[in-house]
Amino acid sequence: MSGLSKDTAVAVIGAGAMGAGIAQIAAAAGHQVFLYDTRIEAAEKAVAGIQRTFNMLAEKGKMSFDLAQASAQRLHVATELAQLKDVGLAVEAIVENLSVKQAVFADLEAVVADDCILASNTSSISITALAARLRLPGRFVGMHFFNPVPLMALVEIIRGLATDEAVAETLYATSLAWGKHPVHAKSTPGFIVNRVARPYYAEALRLLNEQAAEPATIDLIMREAGGFRMGPFELMDMIGHDVNFAVTNTVYQAYFNDPRFTPSLLQQELVSAGFLGKKTGRGFYQYGAGVTPPAGNSEVLLAMADDVVITSADPLAQALQQRLTQTGIKVTEALKDGIDTPLLVCGGAHVYLTDGRTATLRADQNQVANTILLDLAFDALTSKRLVLAVADQCDIAAYQAVVGTLQTAGYAVTRVDDAAGMVVMRTVAMLANEAADAVNQGVCDVAAVDAAMQKGVNYPRGPLKWADTAGIAHIVTVLQNMADWYGEDRYRISPLLQRKKINGRKFYD
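Notes on the structure in this doc start here. (Residues numbered from 1 in each chain as written. Predicted model: local features only at pLDDT ≥ 70, side-chain atom pairs only at ≥ 80, totals over all residues. Heavy atoms only, no water.)

So, about a nonpolar patch on the surface. Taken together, the side chains of Met-238, Ile-239 and Val-243 present a nonpolar region at the surface, about 230 Å² in accessible area. Structurally, Ile-239 is set in helix α10 (residues 232-239). Assessed through its relative accessible area of 30%, Ile-239 is described here as partly exposed. (Patch = residues over 30% accessible without salt bridge, like charges linked within 9 Å, V, L, I, M, F, W, Y side chains within 5 Å. Areas by Shrake-Rupley, 256 points an atom, 1.4 Å probe, with all protein chains shown as cover. Salt bridge = Lys/Arg side-chain N within 4 Å of Asp/Glu carboxyl O. Helix = DSSP H or I, 4+ residues; strand = E, 2+ residues; numbered from the N terminus. Buried < 20%, exposed > 50% of the residue type's maximum accessible area, 1.4 Å probe, protein only.)

Volume-wise, the largest pocket comes out at about 1200 Å³. The wall of the largest pocket is formed by 40 residues, among which Phe-146, Asn-147, Asn-194, Ile-239 and Val-243 lie closest to the centre. For the lining of the largest pocket, the secondary-structure elements that each account for two or more residues are α1 (17-28), β6 (140-145), α7 (193-196), α8 (198-209), α10, α11 (241-254) and α17 (446-457). With 4 residues, α11 is the largest single contributor of residues to the lining of the largest pocket. Of the volumes computed, that of the second largest pocket is approximately 690 Å³. If you go around the second largest pocket, you meet 29 residues; those closest to its centre are Asp-314, Pro-315, Leu-316, Leu-353 and Ala-470. Breaking the lining of the second largest pocket down by element, the ones donating at least two residues are α13 (315-326), β12 (349-353), α18 (463-470) and α19 (472-486). When grouped by side-chain class, the residues that make up the lining of the second largest pocket number 14 nonpolar, 8 polar and 7 charged. (1 Å grid on protein atoms, 1.4 Å probe; cavity = no way out; pocket = protein on both sides within 12 Å on 5 of 7 lines; lining within 4 Å. Points joined across faces, edges and corners; volume = space filled by probe spheres on them. Nonpolar A, V, L, I, M, F, W, Y, C, P; charged D, E, K, R; others polar.)

Read from one edge to the other, the open sheet built from 7 strands follows the order β10-β9-β11-β12-β13-β14-β15, with strand pairing classed as mixed. Looking at strand neighbours, the two that pair on one side only are β10 (332-333) and β15 (412-415), the edges of this open sheet. As defined by bridge partners, strand β9 (residues 308-310) adjoins strand β11 (residues 344-346) across 3 bridges and the pair is classed as antiparallel. In the strand pairing of β11, Ile-310 is matched with Leu-344. Seen against the sheet, helix α15 (residues 396-408) touches β9, β11, β12, β13 (371-374), β14 (385-390) and β15 and runs at an angle of roughly 175° to β14. (Pairing = 2+ DSSP bridges. Contact = heavy atoms within 4.5 Å. Axes fitted to C-alpha atoms, helices over the stretch in contact; angles between N-to-C directions.)

Turning to the side chain of Thr-163, a few remarks are in order. With respect to the helices and strands, Thr-163 occurs in the loop between β7 (154-159) and α6 (165-177). Residue classification places Thr-163 among the buried positions, given a relative accessible area of 12%. From its side chain, Thr-163 meets the backbone oxygen of Phe-140 in a polar contact 2.7 Å long. Engagement of the side chain of Thr-163 in a polar contact is seen with the backbone nitrogen of Gly-160, the distance being 2.9 Å. The contact partners of Thr-163, leaving out residues within four places of it in the chain, are Ile-127, Pro-137, Gly-138, Phe-140, Val-141 and Ala-168. (Polar contact = N/O pair within 3.5 Å; in protein donor to acceptor, adjacent residues only side chain to side chain.)

Right, let's get into unusual backbone geometry. For the bond from Asn-147 to Pro-148, the omega torsion is 0°, close enough to zero to count as cis. As for its position among the elements, Pro-148 is in the loop between β6 and β7. Phi is positive for Gln-211, which is not a glycine, with a value near 60°. Topologically, Gln-211 is positioned in the loop between α8 and α9 (215-224). Taking the relative accessible area as the measure of exposure, Gln-211 reaches 66% and is therefore exposed. Phi at Asn-458 is positive, roughly 60°, even though this residue is not glycine. With respect to the secondary-structure elements, Asn-458 resides in the loop between α17 and α18.

With that settled, consider the sheet that holds β6. In sheet architecture, strand pairing relies on hydrogen bonds along the backbone and comes in two forms, parallel and antiparallel. Read from one edge to the other, the open sheet built from 8 strands follows the order β3-β2-β1-β4-β5-β6-β7-β8, with strand pairing classed as mixed. Each having just a single partner strand, β3 (75-78) and β8 (181-186) make up the two edges of the open sheet. Pairs of neighbouring strands in the sheet enclose a mean axial angle of 25°, with direction left out of account. Note that β7 and β8 share 6 bridges and pair parallel. Bridging from a neighbouring strand, Arg-159 pairs with Lys-186 of β8. Those strands touched by α1 are β1 (10-13), β2 (33-36), β3, β4 (89-92) and β6, and its axis lies near 170° from that of β2. Relative to the sheet, α17 contacts β7 and β8, its axis offset from that of β8 by approximately 125°.

For the rest of this paragraph, the subject is the pattern of salt bridges. Pairing between side chains becomes possible if they bear opposite charge and their charged atoms approach one another. In this structure the tally under the stated criterion is 22 salt bridges. Residues Lys-279 and Asp-242 are paired through a salt bridge, measuring 2.9 Å at the closest nitrogen-oxygen approach. Of this pair, Lys-279 sits in the loop between α12 (265-273) and β9 while Asp-242 is found in helix α11, placing the two residues 37 residues apart along the sequence. When its relative accessible area of 30% is taken as the criterion, Asp-242 is described as partly exposed.

The structure is reproduced here in structure tokens:
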């Protein structure tokens, strides 16, 4: 299926940041673009701003002056909907309100030709519901861009129940021609990104509520151990808590109060107080002139252990061994078999990868008082930081010996309180769980969900690829242990993950 030809005129309804961004990329791709807003001055301002952007890009050498001039000349302000009668695609990017959007599309349908594709940039409203009152609902599709549109690659192409397959495929191909990375999705609450991303915020908020660590420490862990570009608290502050909390509530209610999506009382308090993040000068952090952001906690430098023994053939243990030996630390190898073998024994402490149990519970069950848990890292061999949790029974000297050894190997070390699943592992397990359910329920395929999370929200690795890397069986164990610990349906395991564990297959076999 080919995309729309460059001869096809495009209308954009709404001259805000999203509408202006869509207009910019469509004009740059060669289409005549008509930007409409009920406030004519807003459309005029947006067109002038896009034209300035084209000039700036040319001055920086990012596009030729001829292309910049031609793209600018393809932008037009539409002062009334009747001027859109000849467009072949109309994309709406206005307020997130079902009735308001339906009214706009009813007016559009009375103006445009029957073969004009109608698309909404909605981030959360049902495509099926938006199309329900149209005379020709088959030509209606979701075309969800991400902000800022010119920079973010992802476009979710969302099919409602009535959407013609050819319409979705045409906009998929058109998005490719516009330089984007489109993914197909079925119209369900949150589509792909706004659904699958919920645990990134939710588990961080739960950890804060359990006093496992402060926001700055959790953010530091997710960046330097997890490999994420931004931690959850700084990201929520940037998005705005009013917006983030509203999306969580929308998804929660749309899924009939599924506990997986339960909103946080902590975030509700911020919204009630008007502490919405950067835009108000206060959220989880303070903002403004002279304010120094908190750095997050790291352990002070300590002496290393006299003895380090690698006891597991697990790839993580081997990565740690390589990192230790690269820095001149003498390591002994004494591999052991068993269902709960530590990664290494160091200074009298047994160090395990977290499996969703607390360190205190694991120490009790194994009858090993000096139990220390290691959190998941994006790449243990190259990671800047490792994260530890300590059993209540553990001797402080044994813990300090482990910290000193890891520091000698070049790791910064952060300790968190003994919360089930720790920080990165808990978050990744829940992201993978939600992604697996999205695939299992036919919302999208494996490649689409991973691409969406990498291209739409800059995750360092797709959730299902991460499940393969961490081990699907281990992810299932983490979720099961967390479900047992908390006694909540929130941590129920996706049937697809269960199936993969049983058949031994990966998502990317």
